[in-house]
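# Breakdown of the fold
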Amino acid sequence: MRVVAGESGASRAAELQAVLRAEREGLPFLVGRDGEERQRLILLEPGDERLWVGRGAACDLVLDWDEKVSRVHVELARVADGWAVVDDGLSRNGTFVGGQRVSGRRRLHDGDLVRFGSTTMTFRAPAGSGAATGLAEDHPAPPELTPMQRKVLVVLCRPLQERRPLALPATNRAIADELVLSVEAVKTHMRALFEKFAVEDLPHNQKRARLVELALQAGALNDRR
């Protein structure tokens, strides 16, 4: 296991770049925030088999800022080509995946929100990491979009589609300038897109990158008219 801690007050761009670097490594990882609101990336390396999560110093992943996390809270275990949360009742406040309390073993899938106490992290399994990866036909159909929502999404995704160096999703200002909209109008469309792709509950600095990823996976940019 390798922990990459962000700097206090780091920009969203810097945090997103750290996530993109982790994705390029191809290892499964967890991403969340510590008690000082710094981004933390926990990369699960090939030699890792069982990792204990808890508030106690003897745990592998120490969440000592969260009083709702038990000293020994839960186990992360490698399961064949993926990872699972194993909660056998050690924790007082439980572990939740996708809002559901885990009892026993729960396999993790790319994009799952995992909550230990009051600390929420997102599990990522980049393609080629060896973690469970859905087949292309398993991706849900893209949601219905209005013509303007689709235009906003196309501009948002373009920098990553074109594989520009250090590419980031387009900013609201860039989208507004290209589509001749106000920034407030773009924000309204972005909120609708976050809801339609079910990423509205992710940490703010992860929403745009995850939206782009899901849109590309689902083929939402294809002109089906």
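Residues numbered from 1 in each chain as written. Predicted model: local features only at pLDDT ≥ 70, side-chain atom pairs only at ≥ 80, totals over all residues. Heavy atoms only, no water.

A word on the overall build of the protein. The number of helices and strands found in the protein is five helices and 12 strands. Here the protein holds 225 residues, and the buried ones make up 45% of them. Across the protein, every contact between residues at least 6 apart in sequence was considered, and the portion connecting residues at least 24 apart equals 48%. Counting every atom, the protein has about 11900 Å² of accessible surface; 49% of that belongs to carbon and sulfur. (Helix = DSSP H or I, 4+ residues; strand = E, 2+ residues; numbered from the N terminus. Buried < 20%, exposed > 50% of the residue type's maximum accessible area, 1.4 Å probe, protein only. Contact = heavy atoms within 4.5 Å. Areas by Shrake-Rupley, 256 points an atom, 1.4 Å probe, with all protein chains shown as cover.)

Burial along strand β11 (residues 113-116) is one-sided: the residues V114 and F116 are buried and none of L113 and R115 is. Here β11 runs beside strand β12 (residues 119-124); their pairing, made up of four bridges, is antiparallel. Looking at β12, one finds that F116 is bridged to T119. Remark: two residues form the turn of the hairpin made by β11 and β12, two consecutive strands paired antiparallel; G117 in that turn has positive phi of roughly 60°. (Pairing = 2+ DSSP bridges.)

The next point concerns the packing of aromatic side chains. Per the stated rule, a full pass over the model turns up zero aromatic pairs. The side chain of R115 reaches across the aromatic face of F96, ending 4.2 Å from its centre. (Phe/Tyr/Trp six-rings, centres within 6.5 Å; stacked < 30°, edge-to-face > 60°. Lys NZ or Arg CZ within 6 Å of the ring centre and 35° of its normal.)

Of all hydrophobic cores here, the largest spans 23 residues; its most connected members are L153, L156, I175, M190, L193, F197 and L211. Within the residue set of this core, elements represented by two or more residues are α2 (147-161), α3 (172-179), α4 (183-196) and α5 (204-218). By residue number, the principal contributor to this core is α2, which donates five residues. Of all hydrophobic cores here, the second largest spans 20 residues; its members include L61, L76, L108 and V114. (Core = buried A, V, L, I, M, F, W, Y, C linked by side-chain atoms within 4.5 Å.)

Let us now look at the side chain of K207. For K207, the position within the fold is in helix α5. For the buried K207, no salt bridge exists, and the shortest N-O distance to an oppositely charged side chain is 7.0 Å, to D201. A polar contact is formed between the side chain of K207 and the backbone oxygen of E200, at a distance of 3.2 Å. If we ignore the near neighbours within four places in the chain, the residues touching K207 are F194, V199, E200 and L202. (Lys, Arg positive; Asp, Glu negative; His and termini not counted. Salt bridge = Lys/Arg side-chain N within 4 Å of Asp/Glu carboxyl O. Polar contact = N/O pair within 3.5 Å; in protein donor to acceptor, adjacent residues only side chain to side chain.)

Between side chains of opposite charge, a pair can form when the charged atoms approach closely. Applying the stated criterion to the full structure yields 14 salt bridges. Of the charged contacts in the structure, one is a salt bridge between R50 and E75, with a shortest N-O distance of 2.4 Å. Remark: E75 occurs in strand β6 (residues 74-79) and R50 occurs in strand β4 (residues 50-54); sequence separation between them is 25 residues. R50 gets classed as exposed once you look at its relative accessible area, which sits at 54%. Judged by its relative accessible area of 8%, E75 falls in the buried class. For D110, the salt bridge identified is with R124, shortest N-O distance 2.6 Å. Here R124 lies in strand β12 and D110 lies in the loop between β10 (104-107) and β11, a separation of 14 residues in the sequence. Each of the salt bridges in this network shares a partner with another, and the network as a whole consists of D34, E36, R38 and R40.

Remember, this is a structural readout, not a statement about activity or role.
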